[in-house]
Structure formats: structure tokens, C-alpha cells
Amino acid sequence: MGPLLSQSDVKLDIKKQLLIFIWYMANCETHRQIGNRFNIADSTSHKVVLNCLNNMKELSGKFIRWPRGQEAIITVQKFNCLRPNAFPGVLGAVDGCHISILAPWEKRTVMEKLDRNMFYNRKQVPSVLLQGIVDSDLKFIDVFSGWPGSSHDARVFRRSLIGQKLLSNDLSILPENCHILGDGAYPLSENVMIPYRDNGNLTLAHKHFNRCLSSSRVVVEQAFGKLYCRFRKLKHMDVYHKSLCGLIITAACCLHNICIDMQDDFDADPYTPELDSEENSLAASRLGARKRDELCNMLSLNVD
């Protein structure tokens, strides 16, 4: 980010600008508090953070990358080594999490008008959604963020670029016979495996399938837990312009991946997701259902 920051009109040392930005992401402090801490004006703190967020967005493709070719094969192999009874053919795990925000309101005539009700989730808390796909190393390989909290996970997935490619069976996205894992809120397809819905009539094979899937999919909840603990700004994003929410979330995911690459790790409780209503009954494709049944039969052969 150094060359990009050097082009800005902020007359501060680049290292200090980066420290201000990281402090902003790692804490729930206002620009006034940050200004007092770093001995700068409030407006300077705001400008530094905004410049860093925009620059991080430009560089996000370097830190959040979808694995392809040999890298994708290695990712699948790592998933196979995660558990004794690992779910086969997994490239990543997808889930969504709600990030608390200020309720939208109009500030004089500067801010755009937004429908407040769109941002209230099922718990009546204003939030935006982060959809993340995570590999076996807990790194984000795709991020789609900023949608209002009232949106369903399945709808956000269908609107995301990666979701559209996966649901259209784009062969360039996944290696042969591979897929990503989701919970019951996501649509079942050849490229997206979800658990069997428990109506009280599941067979032992179906239950074993669900356990294997859940055991491998837990990596995304672990990644969300570490993301929340590292970057406390995500505990509550007190920003007025909702266009900044997606920038902050994307920057946090980039910094998270950098920490993983630098082996800067720590223990954190997994994120507990919202319980979304299941919408997969009508969305399940025949080919996806057939592939799930084949995987279920294969996994049942490994039951002791």
C-alpha cells in the first residue's frame, strides 16, 4: 500500500498511516479518540482511514484469491487431511454472518435515503451481511459483503458473482467432482453440497453424511470467529455512510488472510450463525440431489 498512500495529499509518514488504519480496524474507537492517540486532527484520521480502505479494496485481489489449477488440488487435499472421516472433494465452505451497524438515518441532505427496515435482521438488530468462502487454512478465498441484514443467505448467494458461477455449473470454477459446503440455507446443486433436512426420518447413512459435512464445514465458523476477535471494528460498525461497510469488511478479510500467511494465529471461539429458514426444498437440483445421494452411499461404506 506504500506507493498508493504516497500519492495521497496526507502529509504523514506512511508507516504511521498504516498504524492508524490497523488501530482503527482492531478497536472500536472514534476518529476523535484516534486523533488524540496519534496526535493528529480528527479530519486527518478520517482521511487516512478512508484512503487505506479504498487502497485495500484495489489490492484485495492479491489477498483474497479463488484457488485454481494445482493450487485448487492442494486445497482439496488439505481438506481431506482435516478429519479422519473428512468429507470428500471439498474446495471450500460457505456461510454468512451478520455484522452490527448503526441504523440508517438521514444526516441533513448529505446522505442518501435508505429503507431502514431493509437493514433489520430477524433479531431486529440493524446489520449488514458478510458471505465468506473459506479454505482449510481458514483463509477467505471469496468475500461478498454489504448486503442489508434482512436478506436471506440463499438470496445473497445467488446475487454474488461466485454464487452465480457455482449454480450455473461453471466448469472453470471447481476441479472435477469437487464442491463447496454450505448449511441448509443454501441451494443444493452439483457444486454446493448441503446436509439432509432432518424431519425425524433420517437414516443412519444420512446422519453420518450430515456429521461429516458439518465437521468439514466448521472451518468457516472458525474463520469468522478469528475475524471478529482480530478486528473489533466488526463488533459494531458505527459508520453513517453504509457504502463504507463493505469496504471495512473486505479490508478486515484481507488483513485476516495476511495474518494467516504470516502464521499469526490464536485460539478463538467459532462464530455462531443466525438460524435462517431453510429454502433448499424447492431449490435443490436433481443432479445435485443425485450427487449428494452418491456421496452419502460412499461415506456410509466407511462407517465402522
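Residues numbered from 1 in each chain as written. Predicted model: local features only at pLDDT ≥ 70, side-chain atom pairs only at ≥ 80, totals over all residues. Heavy atoms only, no water.

1. Observations regarding the overall build of the protein chain
Within the protein chain, the secondary structure is distributed over eleven helices and five strands. Relative to the 2.2 N^0.38 estimate, which gives 19 Å for 304 residues, the radius of gyration of the protein chain is 21 Å and therefore close to what a compact globule would have. In the protein chain, which comprises 304 residues, the proportion classed as buried is 50%. Long-range pairs, those at least 24 residues apart, make up 70% of the contacts in the protein chain with a sequence separation of at least 6. Accessible area for the protein chain stands at about 15,600 Å²; split by element, carbon and sulfur atoms hold 50% of it. If you average the places of the 37 positive and of the 33 negative side-chain charges in the protein chain, the two averages end up 5 Å apart. (Helix = DSSP H or I, 4+ residues; strand = E, 2+ residues; numbered from the N terminus. Rg over C-alpha atoms; globule rule 2.2 N^0.38 Å. Buried < 20%, exposed > 50% of the residue type's maximum accessible area, 1.4 Å probe, protein only. Contact = heavy atoms within 4.5 Å. Areas by Shrake-Rupley, 256 points an atom, 1.4 Å probe, with all protein chains shown as cover. Lys, Arg positive; Asp, Glu negative; His and termini not counted. Charge placed at Lys NZ, Arg CZ, Asp CG, Glu CD.)

2. Notes on the environment of Asp9
Its place among the elements puts Asp9 in the loop between α1 (2-6) and α2 (14-26). Distance from Asp9 to Lys47, taken between C-alpha atoms, is 9.4 Å for residues 38 residues apart in sequence.

3. Brief notes about the packing of α2 against helix α3 (residues 31-38)
Running from N to C, α2 and α3 point in directions that differ by 140°, and their axes come no closer than 11 Å. If you check the angle between α2 and α3, you find them oblique. In the crossing of α2 with α3, the sense of the turn from one axis to the other is right-handed. Seen from α2, the contacting residues are Lys16, Leu19, Ile20, Trp23 and Tyr24; seen from α3, they are His31, Ile34, Arg37 and Phe38. In the contact of α2 with α3, the residues fall into six nonpolar, one polar and two charged. (Axes fitted to C-alpha atoms, helices over the stretch in contact; angles between N-to-C directions. Parallel < 35°, antiparallel > 145°, perpendicular 65-115°, else oblique. Left-handed = near helix turned anticlockwise from the far one by under 90°. Nonpolar A, V, L, I, M, F, W, Y, C, P; charged D, E, K, R; others polar.)

4. Some words on the pairing of strand β2 (residues 127-134)
Regular strands show a simple pattern: their side chains alternate between the two faces of the sheet. Counting buried positions along β2 gives eight out of eight residues, so the element sits mostly inside the fold. Residues Ser127, Leu129, Gln131 and Ile133 point to one face of β2 and Val128, Leu130, Gly132 and Val134 to the other, with burial holding for every one of them. Strand direction decides the pairing type here: strand β1 (residues 90-100) and β2, joined by eight bridges, are antiparallel. Directly across from Ser100, in β2, lies its bridge partner Ser127. Inspection of the sheet shows β2 paired to strand β3 (residues 140-148) by seven bridges, in the antiparallel sense. The residue bridging Ile133 from the neighbouring strand is Asp142, located in β3. The antiparallel hairpin formed by β2 and β3 contains five residues in its connecting segment, where Leu138 sits at a positive phi of about 70°. (Pairing = 2+ DSSP bridges.)

5. Focus: the packing of helix α4 (residues 42-63) against helix α9 (residues 243-261)
Where α4 contacts α9, the axes come no closer than 9 Å and their chain directions differ by 55°. The angle between α4 and α9 falls in the class oblique. The crossing of α4 and α9 is left-handed. Contacts from Leu50, Leu53, Asn54, Met56, Lys57, Ser60 and Phe63 of α4 reach α9 at Leu244, Leu247, Ile248, Thr250, Ala251, Cys254, Leu255, Asn257 and Ile258. Taken together, the residues of the contact of α4 with α9 break down into eleven nonpolar, four polar and one charged.

6. Focus on the sheet that holds β1
The strand order across the open sheet built from five strands is β3-β2-β1-β4-β5, with neighbouring strands paired in mixed fashion. Both edges of this open sheet fall to β3 and β5 (192-193), since each of them pairs with a single strand only. Docked against the sheet, helix α8 (residues 204-230) engages β1, β2, β3, β4 (179-181) and β5, running at close to 40° with respect to β1. Lying on the sheet, α9 is in contact with β1, β2 and β3; it crosses β3 at an angle near 160°.

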